[in-house]
Amino acid sequence: MNGECVTTTTGSAEETIALGRRVGRALRSGDVVALVGRLGSGKTWFAKGLALGLGVPDGVVVTSPSFALVNEYEGRVPFYHMDAYRLESKDAFVAAGLEEFFYEDGVVAMEWADLFPEMLPEHRIEVRLEVVDETTRRIFLTGRSNRAAEIIRALSMEEEGRSKEWR
Amino acid sequence: MILLGLDTSCDDTSAAVVEDGRRVLANVVHSQVKVHHPYGGVVPELASREHMRNIVPVVEACLSECGGDFQSLDGIAVTVGPGLVGALLVGLYYAKGLAMAGGLPLVPVNHLEGHILSIFLEEEVPFPFVALTVSGGHTSLYHVTGFGRYVQMGQTLDDAAGEAFDKVAKILGLGYPGGVLIDRLARQGRPDAVAFPRAMLDRDSLDFSFSGLKTAVALFVEKWSQDPARAASVGLHDIVASFQEAVVDVLVEKVRRAREATGVSSLVVAGGVACNSRLRARLRETFSESRVGLYFPSPRYCTDNGAMIAAAGYHRLRRGELADLSVDVRSKFPIQDDSTSQGKA
């Protein structure tokens, strides 16, 4: 169960986007981000940030993928924004072809990833969003693989630097 | 000119035969809602293999309904996006096969253009008009100046309105489909019981945002369910009525602004959420004093259907906008204004 972990608090949707953007900058093709949190916790906001960090142009609107299951964006690498919310079984997950995107050239972010943990690759980075109040979210980034640890360590150093700046 | 229209962009497998983009000769939709509801939830019919299972019988049923066959067709219109790639592929490749075998023209259609033009299956709407397409997957406003001429004026920045209905229904444990159940329950509720937020964004914006509303309902329900006093004064039907009113307020206000900005005298509201009775009533009320013509397609043409794809395809075919067999699907497919761009699928 050991792995890297970094915890941050964001005070607005904009701050959640900014955090996602910093994570997105550190990602490369093959990375998978598992987004976990209840309805309205800010998963799509975080994914908007990931898209920006991955070089998806600012004018491209990243919307909820719940309905279409997968939205595809062109950044410096392809960005697949997926959602397991409407799927009720592993069979549905497989039948919808979501698995295939883990092997595509690009970065995957999956909302409601905790519904099918066994379907996600080991090297995923997990982003857990907790609702503190209407606007505040506590966000935990964790990962067990070397690749995930590398990203999280880099980010946690960056976050430390940022909090010093703020003081 | 008789076209077969196919749509496999999402849950439903749909086919229709339409003459001249107007007269529906047959319309068959294979929907999973009824099948899955008894098992307690959404089992999306998105899987390619499900569409594969359905598409041949759906097209056959459609042709036999109008007593036609492949020889009676002048072309095949098919949705190429936006939607789930795997699902879209089934419709497109089946259409390619038919086109090749029958030597028929293949017309690629944007699903959203289908929604905008669905009204023409029943009524003539004078151009220009403003169209609101509002469904589980989309919430957008367009300025429509002719067939193939659409300028997007606004869109949702996060959740679609129909998605908010489905998610709120899930939060409240109401089941699926959320839109229909909330519409029904809300009739017994007080729309002003809970002051949920209305994301109007800034004054000039025609964009939408429904994710904050969804969050507000989730937080409210959490407190409400643990507070007997509050639960006694506010009922479930009050919550859904208040939520629905918040969605409708925003939709009506944005439509009003879009009409004002363009000065058009016709408004078209299409897509699954256009079936919502409160939205229809409030729009009628808002524009009752004005000379604005309001157009709503019948429910069967509001939800996904092949007829609207055949209608949109007809106008493209007339303009000679055919595809060769290399055409591909697109998960994201913003509508382009044909008068300003050469782009086509």
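### Some points on the state of the cysteines
Residue and element names in this part refer to chain B.
- Taken as a whole, this structure holds 0 disulfides over all chains when the rule is applied.
- Between Cys 10, a free cysteine, and Cys 275, which holds the nearest cysteine sulfur, the sulfur-to-sulfur gap is 15 Å.
- Not engaged in a disulfide, the cysteine Cys 302 finds its nearest cysteine sulfur in Cys 275; these two sulfurs lie 4.3 Å apart.
- Residue Cys 302 is classed as buried on the basis of its relative accessible area, which comes to 0%.

### Focus: the interface of chain B and chain A
- Contacts between chain B and chain A engage 33 residues on the former and 26 residues on the latter.
- Note on chain B versus chain A: buried area summed over both sides is about 2600 Å², and carbon and sulfur give 57% of it.
- Counting the contacts that link chain B with chain A gives 1 salt bridge.
- One salt bridge connects Glu 222 of chain B with Arg 38 of chain A, and the closest N-O pair in it is separated by 2.5 Å.
- The set of elements that each furnish at least two residues to the side of chain B that touches chain A consists of helix H2 (48-65), helix H5 (161-171) and helix H7 (211-225) of chain B.
- For the side of chain B that touches chain A, the leading source of residues is H7 of chain B, giving 7 residues.
- Split by residue class, the side of chain B that touches chain A holds 14 nonpolar, 9 polar and 10 charged.

### A look at the pairing of strand S3 (residues 23-30) of chain B
All names here are of chain B.
- In the sheet, strand S2 (residues 13-19) pairs with S3 via 7 bridges, with the strands oriented antiparallel. Bridged to Ala 16 within S3 is Asn 27.
- A loop of 3 residues connects S2 with S3, the two strands running antiparallel in sequence, and Asp 20 in this loop sits at a positive phi of about 50°.

### Here we look at the environment of Asp 158 of chain B
Residues and elements named next belong to chain B.
- Its place among the elements puts Asp 158 in the loop between strand S8 (149-155) and H5.
- Classification of Asp 158 as buried rests on a relative accessible area of 2%.
- Reaching out from Asp 158, the side chain makes a polar contact with the backbone nitrogen of Ser 211 at a distance of 3.1 Å.

### Digging into the sheet that holds S8 of chain B
Residue and element names in this part refer to chain B.
- Read across the open sheet, the 5 strands follow the order S8-S7-S6-S9-S10; overall the sheet is mixed. The outermost strands of the open sheet, each flanked by one partner alone, are S8 and strand S10 (293-295). Put simply, the sheet's adjacent strands are angled 20° from each other on average, direction ignored.
- When strand S9 (residues 266-270) meets S10, the two strands line up parallel, connected through 3 bridges. When the bridges of S10 are listed, Val 268 appears paired with Tyr 295.

### A closer look at the confidence of the model for chain B
Residues and elements named next belong to chain B.
- On average, residues of chain B carry a pLDDT of 90, and 93% of them reach 70 or more.
- Taken as a whole, residues 35-45 scores under 50 in pLDDT and shows 19 contacts with residues more than four places along the chain or in a different chain.
- Low pLDDT, under 50, characterises residues 341-345; the stretch is placed with 10 contacts to residues that sit more than four places away or in other chains.
- Interface predicted TM-score (ipTM) for the complex: 0.81; the corresponding pTM is 0.88.

### Brief notes about the layout of surface pockets
- Roughly 470 Å³ of volume is contained in the second largest pocket.
- If you trace the second largest pocket, you find 26 residues lining it, with Ala 13, Trp 45 and Arg 137 of chain A together with Gly 212 and Thr 215 of chain B closest to the centre.
- Only helix H1 (13-26) and helix H2 (43-53) of chain A together with H7 of chain B provide two or more residues apiece to the lining of the second largest pocket.
- Broken down by element, the residue count for the lining of the second largest pocket peaks at 5 residues, all from H7 of chain B.
- The residue makeup of the lining of the second largest pocket, split by class, is 6 nonpolar, 11 polar and 9 charged.

### Quick word on the nonpolar core
Residues and elements named next belong to chain B.
- Counting 49 residues, the largest nonpolar core has Phe 196, Phe 210, Phe 243 and Leu 279 as its most contacted members.
- Residue contributions to this core peak at 12 residues, all from helix H9 (residues 236-262).
- Beyond its immediate chain neighbours, meaning those up to four positions away, Phe 196 contacts Leu 213, Ala 216, Val 217, Phe 220, Ile 239, Ser 242, Phe 243 and Ala 246.

### Observations regarding the sheet that holds strand S1 (residues 2-7) of chain B
Residue and element names in this part refer to chain B.
- In space, the 5 strands of this open sheet follow the order S3-S2-S1-S4-S5, with mixed pairing throughout. Each having just a single partner strand, S3 and strand S5 (106-110) make up the two edges of the open sheet. Averaged over all pairs of adjacent strands, the angle between their axes in this sheet comes to 20°, without regard to strand direction.
- In terms of strand pairing, strand S4 (residues 75-81) meets S5 through 5 bridges, oriented parallel. Each bridged residue has a counterpart across the sheet, and for Gly 81 the counterpart in S5 is Asn 110.
- In the packing of helix H3 (residues 85-102) onto the sheet, contacts are made with S1, S4 and S5, and the angle to S4 comes to roughly 155°.

### Things to note about the domain arrangement of chain B
All names here are of chain B.
- When cut into domains, chain B gives domain 1 (2-117 + 301-318) and domain 2 (124-296).
- Taking only C-alpha atoms into account, the centre of domain 1 sits 27 Å from that of domain 2.
- Across the boundary between the two partners, domain 1 contributes 17 residues, which contact 19 residues of domain 2.
- For the domain 1 and domain 2 pair, buried surface summed over both sides reaches about 1600 Å², with 72% attributable to carbon and sulfur atoms.
- Summed over the three residues of domain 1 that lose the most area to domain 2, namely Leu 112, Ile 116 and Cys 302, the buried surface amounts to 38% of that side.
- At the boundary of domain 1 with domain 2, the tally comes to 1 salt bridge.
- Among the salt bridges present, the one from Arg 22 reaches Glu 124, with a minimum N-O distance of 2.5 Å.

### Some remarks on the packing of aromatic side chains
All names here are of chain B.
- Counting across every chain of the model gives 12 aromatic pairs over all chains.
- With a centroid separation of 5.2 Å and an interplanar angle of 75°, the aromatic rings of Phe 165 and Phe 243 are classed as edge-to-face. Linking Phe 165 in helix H5 with Phe 243 in helix H9, this pair joins segments that are 78 residues apart in sequence.
- Measuring from centroid to centroid gives 6.1 Å for Phe 208 and Phe 210, while their planes differ by 15°, and the two rings are stacked. Neither residue differs from the other here; Phe 208 and Phe 210 are each classed as buried.
- One aromatic cluster is present, built from ring pairs that chain together Phe 120, Phe 127, Phe 129 and Phe 147.
- In this arrangement the basic side chain of Lys 96 is found over the ring face of Tyr 93, its NZ or CZ atom lying 4.3 Å from the centre.

Thresholds, definitions, all that
- Residues numbered from 1 in each chain as written.
- Chains lettered and ligands numbered in written order.
- Predicted model: local features only at pLDDT ≥ 70, side-chain atom pairs only at ≥ 80, totals over all residues.
- Heavy atoms only, no water.
- Disulfide = S-S within 2.5 Å.
- Buried < 20%, exposed > 50% of the residue type's maximum accessible area, 1.4 Å probe, protein only.
- Contact = heavy atoms within 4.5 Å.
- Buried area = accessible area lost by both parts, 1.4 Å probe.
- Salt bridge = Lys/Arg side-chain N within 4 Å of Asp/Glu carboxyl O.
- Helix = DSSP H or I, 4+ residues; strand = E, 2+ residues; numbered from the N terminus.
- Nonpolar A, V, L, I, M, F, W, Y, C, P; charged D, E, K, R; others polar.
- Pairing = 2+ DSSP bridges.
- Polar contact = N/O pair within 3.5 Å; in protein donor to acceptor, adjacent residues only side chain to side chain.
- Axes fitted to C-alpha atoms, helices over the stretch in contact; angles between N-to-C directions.
- pLDDT = per-residue confidence, 0-100.
- 1 Å grid on protein atoms, 1.4 Å probe; cavity = no way out; pocket = protein on both sides within 12 Å on 5 of 7 lines; lining within 4 Å.
- Points joined across faces, edges and corners; volume = space filled by probe spheres on them.
- Core = buried A, V, L, I, M, F, W, Y, C linked by side-chain atoms within 4.5 Å.
- Domains from an automatic or database assignment.
- Phe/Tyr/Trp six-rings, centres within 6.5 Å; stacked < 30°, edge-to-face > 60°.
- Lys NZ or Arg CZ within 6 Å of the ring centre and 35° of its normal.

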